[in-house]
Amino acid sequence: MTIVRKNHLDTLAVSLLVVCCAFWGLQQILIKTTVTEVPPLWQASIRMAGAVLLLWAWCAARGVKLFERDGTLPGGLLAGALFAGEFTCIYIGLQHTSASRLTVFLYTSPFVVALLLPRFVPAERLRGVQWAGLAIAFGGVVVAFSESFGHSSSSVLHGDALALLAGVLWGLTTLAIRTTRLATASAEKTLFYQIAVTAAISPFLSLLLGEKWELDYSGYAWLSIGLQTVIGAFASYLAWMWMLRHYPATRISSFTFLTPLFALVFGVALLKEPLTAQLVLALAGVGLGILLVNRRA
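First, a word on what this report is: a plain description of the structure on this page. What you see is a predicted model; the values in this text were computed from it and never measured. Counting restarts for each chain, with residues numbered from 1 along the sequence as it is written. Totals for whole chains, interfaces and linings use all residues, but because this is a predicted model, local features are given only for residues with pLDDT of at least 70 and pairs of side-chain atoms are given and counted only at 80 or more. Water and hydrogen atoms were dropped before computing side-chain values, which therefore reflect all heavy atoms in the structure.

**Some points on the packing of aromatic side chains**
Part 1 of the argument: Stacked, tilted and edge-to-face are the three classes applied to pairs of Phe, Tyr and Trp rings, where Trp contributes its six-membered ring and a pair requires centres within 6.5 Å; stacked means planes under 30 degrees apart, edge-to-face means over 60, and tilted covers the rest. The full count for this structure, using the stated rule, is 16 aromatic pairs.
Part 2 of the argument: With a centroid separation of 6.0 Å and 70° between ring planes, the pair formed by Trp 58 and Phe 234 is classed as edge-to-face. With Trp 58 in helix 2 (residues 40-62) and Phe 234 in helix 9 (residues 219-246), the pair connects residues that are 176 residues apart, well separated along the chain. Secondary structure elements follow DSSP: runs of H or I no shorter than four residues count as helices, runs of E no shorter than two count as strands, and numbering proceeds from the N terminus.

Given below as structure tokens:
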């Protein structure tokens, strides 16, 4: 299959990225307000299983083949394992460190992509000004969470290490998608590997952590899980996989810095959290950083 790959982000890509990051920010609020009722890994298990069914139905309707032999199985299983490992580190890490600290360490992922991917795909190499943009955007995230960054538990280093590992695994997932036979696979098949493996692994991890399984939840909890499943794990992830096939991964990864800031903005709008100077400064920093990363030569 011939893939037309662009060397810069066009209006469609930027629009999709902003919409995806906005929902992922909202999703953090949804998870935060649902996790007291639905345990995190059990919540993830329901989401991923639902997304697998939705993707299967989507592919059946569009005639997309998921099980033909095309040499993508090794890369697909690798990407799926990395994807599942990332979510596991996030959920376990939250039990040892604060959400703010975890967010900062998690968003080291674009640096992993920028450092490693050009070794395999030279066209993905960033110039000096783009590296500066990446650093400025990351600095914006640090500033956004600076007020609560120091609040930690006694096991904070354990949680920080898991958060950093989650960021590395996120970056390595992107690397696996771009450097294996998955690079020529459909976006649907690439996503199928990741959510199917996660759907298979997360229930066992939930049991190991002693989470209580049930389905008798409030209407809000099911609405939250439904949105996370349909828009989050299915539609937005499918859009992300499509973009990874057609646009530079190093550049689209820079947009992910918007996600935690959107989460803070939604916190202000929906949870009546205070609008701080740090958040305004962070938004400006991330915006400037993204512009520099995507600056054309």
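**Quick look at the pattern of salt bridges**
Part 1 of the argument: Only one rule defines a salt bridge in this text: a Lys or Arg side-chain nitrogen within 4 Å of an Asp or Glu carboxyl oxygen. Evaluated as defined, the whole model comprises four salt bridges.
Part 2 of the argument: With a closest N to O distance of 3.5 Å, Lys 212 and Glu 214 form a salt bridge.
Part 3 of the argument: For the exposure calls, accessible area comes from a 1.4 Å probe over protein chains only, and a residue counts as buried if that area is under 20% of its type's maximum, exposed if over 50%, partly exposed in between. The exposure class of Glu 214 is partly exposed, given its relative accessible area of 28%.

**Thoughts on the nonpolar core**
Part 1 of the argument: Working definition of a nonpolar core: buried Ala, Val, Leu, Ile, Met, Phe, Trp, Tyr and Cys residues. They are joined through side-chain atoms within 4.5 Å. Counting residues in each nonpolar core, the largest one holds 79 residues, and the members touching the most others are Met 48, Leu 55, Ile 195, Tyr 237, Trp 240, Ile 252 and Phe 257.
Part 2 of the argument: Examining the composition of this core, we find that nine residues originate from one element, helix 9, more than from any other.
Part 3 of the argument: What Phe 257 contacts, discounting residues up to four positions off in sequence, is Tyr 107, Pro 110, Phe 111, Leu 134, Ala 137, Phe 138, Val 141 and Val 286.
Part 4 of the argument: Formed by six residues, the second largest nonpolar core is a distinct cluster that contains Val 38, Trp 42, Ile 46 and Tyr 217. Contacts are residue-level and defined by heavy atoms, with any inter-residue pair within 4.5 Å sufficient.

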